[in-house]
Amino acid sequence: MGETILDLGINGKNALITGGSRGLGRQSTLSLAREGVNVAICARGQERLEQTAAELQDFGVRVAAINADMSLPESAANVFAEAESALGSIDILINNVGGSLGTSSVLATSDEDFRAVFEVNLWAALRLMQLASPGMRDRKWGRIVNIASIWGREYGGSAPYMASKASLIAVTKHLAMQLAPDGICVNSIAPGSIEFPGGGWERFRNSNTPEDVAEFLKWNLPAGKFGYPEPIGDTVAFLSSENASWIMGACLNVDGGQSKSLF
């Protein structure tokens, strides 16, 4: 018997992925390119961008690599214009770029840290959603996937990170209701503790004793290990597909059972 392949129906579509050169963004881009999606990625750091772009070109898709700092308010318009110039109309938007500052204490976190984290975790995504939505509406098709966090759904992480990711999930739900009549699906993904080179959980492992890491895993991750990027990328590809046409405003946990909330 031949292998059954799930056709996601997005071959030839054009996608823009922020923070697309490493970690979850890179894997999301690889998963989309594997489906025949042309991809524009933006990130800081030209060398890593070029490395990821070379990987993507092996799939035979068109690729644009854009060096940009999404924490700057003007970056969204510049990145979107470059992506459209390189690929054409953007059908799929993946808002992956993010970051964290401050502490778990609201009272000990400065206004500046709150503003900086909201700038990259919420405002950058919102600006790109505002830019991408009109064209998607005109074409009566589009997919927007925002990478949030389980700590946008329950307690965890720094105060600015938790607040900004919760806001991103709320904006996702609100926009999904607005765009549903136009055939556009807007959803978010809430990853748990995902380890990848250069990421925060790799730094956590390297800065703690093996015993402390094992204790963290024992009490926080039922599978007894950190997650990895591939399931995130494949969930992004699925939510970007024709097969996900009846999923609107959802926030899907991809966390190995780490989150405790029922909802």
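**Considering the overall build of the protein chain**
Along the backbone of the protein chain there are eight helices and seven strands. Expected size for 263 residues packed as a compact globule is a radius of gyration near 18 Å; at 18 Å, the protein chain falls within 12% of this value. Dimensions along the principal axes, computed over C-alpha positions, put the protein chain at roughly 55 × 50 × 40 Å. A burial count over the protein chain gives 48% of its 263 residues as buried. Looking at the protein chain alone, contacts between residues at least 24 apart form 72% of all its contacts between residues at least 6 apart. Counting every atom, the protein chain has about 12,500 Å² of accessible surface; 54% of that belongs to carbon and sulfur. If you average the places of the 21 positive and of the 28 negative side-chain charges in the protein chain, the two averages end up 4 Å apart.

**Observations concerning the environment of Arg-203**
Its location among the elements puts Arg-203 in helix α6 (residues 200-207). Taking the C-alpha atoms as reference points, Arg-203 and Leu-252, separated by 49 residues in sequence, lie 26 Å from one another. Polar side-chain contacts of Arg-203 include one of 2.9 Å to the backbone oxygen of Gly-198.

**Quick notes on the nonpolar core**
Judged by nonpolar contacts, the single largest core of 34 residues is most densely connected at Leu-16, Leu-93 and Ile-144. Broken down by secondary-structure element, the contributors of at least two residues to this core are β2 (38-43), β3 (63-67), α3 (75-87), α4 (111-139), α5 (159-179) and β6 (184-191). Ranked by size, the runner-up nonpolar core spans 29 residues in total, among them Val-39, Val-61, Ile-147 and Ile-189.

**Points about helix α7 (residues 210-220)**
Of the residues making up α7, those classed as buried are Val-213, Phe-216 and Leu-217. Looking down the long axis of α7, one finds its buried residues gathered within 95° of arc, a one-sided arrangement. Exposed residues pointing more than 90 degrees away from the buried face of α7 are listed as Glu-211, Lys-218 and Trp-219. As for α7, its buried residues are in contact with α6.

**Focus: the pairing of β3**
Side chains Ala-64 and Ile-66 project from β3 onto a buried face, and the interleaved Val-63, Ala-65 and Asn-67 project onto a face without burial. Pairing between β2 and β3: five bridges, direction parallel. Paired with Ala-40 across the strands is Ala-64, a residue of β3.

**A word on the side chain of Ser-21**
Along the chain, Ser-21 turns up in the loop between β1 (14-18) and α1 (23-34). Under the relative-accessibility criterion, Ser-21 is labelled buried at 6%. If we skip the residues at most four places from it in the chain, Ser-21 touches Arg-26, Ala-43, Arg-48, Leu-49 and Thr-52.

**Re the packing of α3 against α4**
Where α3 meets α4, the axes come as close as 9 Å, and the angle between the chain directions of the two elements is 40°. The angle between α3 and α4 places the two elements in the oblique class. Pair α3 / α4 crosses with right-handed handedness. Packed against α3, whose contacting residues are Ala-76, Ala-77 and Phe-80, the element α4 presents Arg-127, Leu-128, Leu-131 and Ala-132 at the interface. Considering only residue class, the contact of α3 with α4 consists of six nonpolar, no polar and one charged.

The rules behind these values
- Residues numbered from 1 in each chain as written.
- Predicted model: local features only at pLDDT ≥ 70, side-chain atom pairs only at ≥ 80, totals over all residues.
- Heavy atoms only, no water.
- Helix = DSSP H or I, 4+ residues; strand = E, 2+ residues; numbered from the N terminus.
- Rg over C-alpha atoms; globule rule 2.2 N^0.38 Å.
- Buried < 20%, exposed > 50% of the residue type's maximum accessible area, 1.4 Å probe, protein only.
- Contact = heavy atoms within 4.5 Å.
- Areas by Shrake-Rupley, 256 points an atom, 1.4 Å probe, with all protein chains shown as cover.
- Lys, Arg positive; Asp, Glu negative; His and termini not counted.
- Charge placed at Lys NZ, Arg CZ, Asp CG, Glu CD.
- Polar contact = N/O pair within 3.5 Å; in protein donor to acceptor, adjacent residues only side chain to side chain.
- Core = buried A, V, L, I, M, F, W, Y, C linked by side-chain atoms within 4.5 Å.
- Arc of directions from axis to C-beta.
- Pairing = 2+ DSSP bridges.
- Axes fitted to C-alpha atoms, helices over the stretch in contact; angles between N-to-C directions.
- Parallel < 35°, antiparallel > 145°, perpendicular 65-115°, else oblique.
- Left-handed = near helix turned anticlockwise from the far one by under 90°.
- Nonpolar A, V, L, I, M, F, W, Y, C, P; charged D, E, K, R; others polar.

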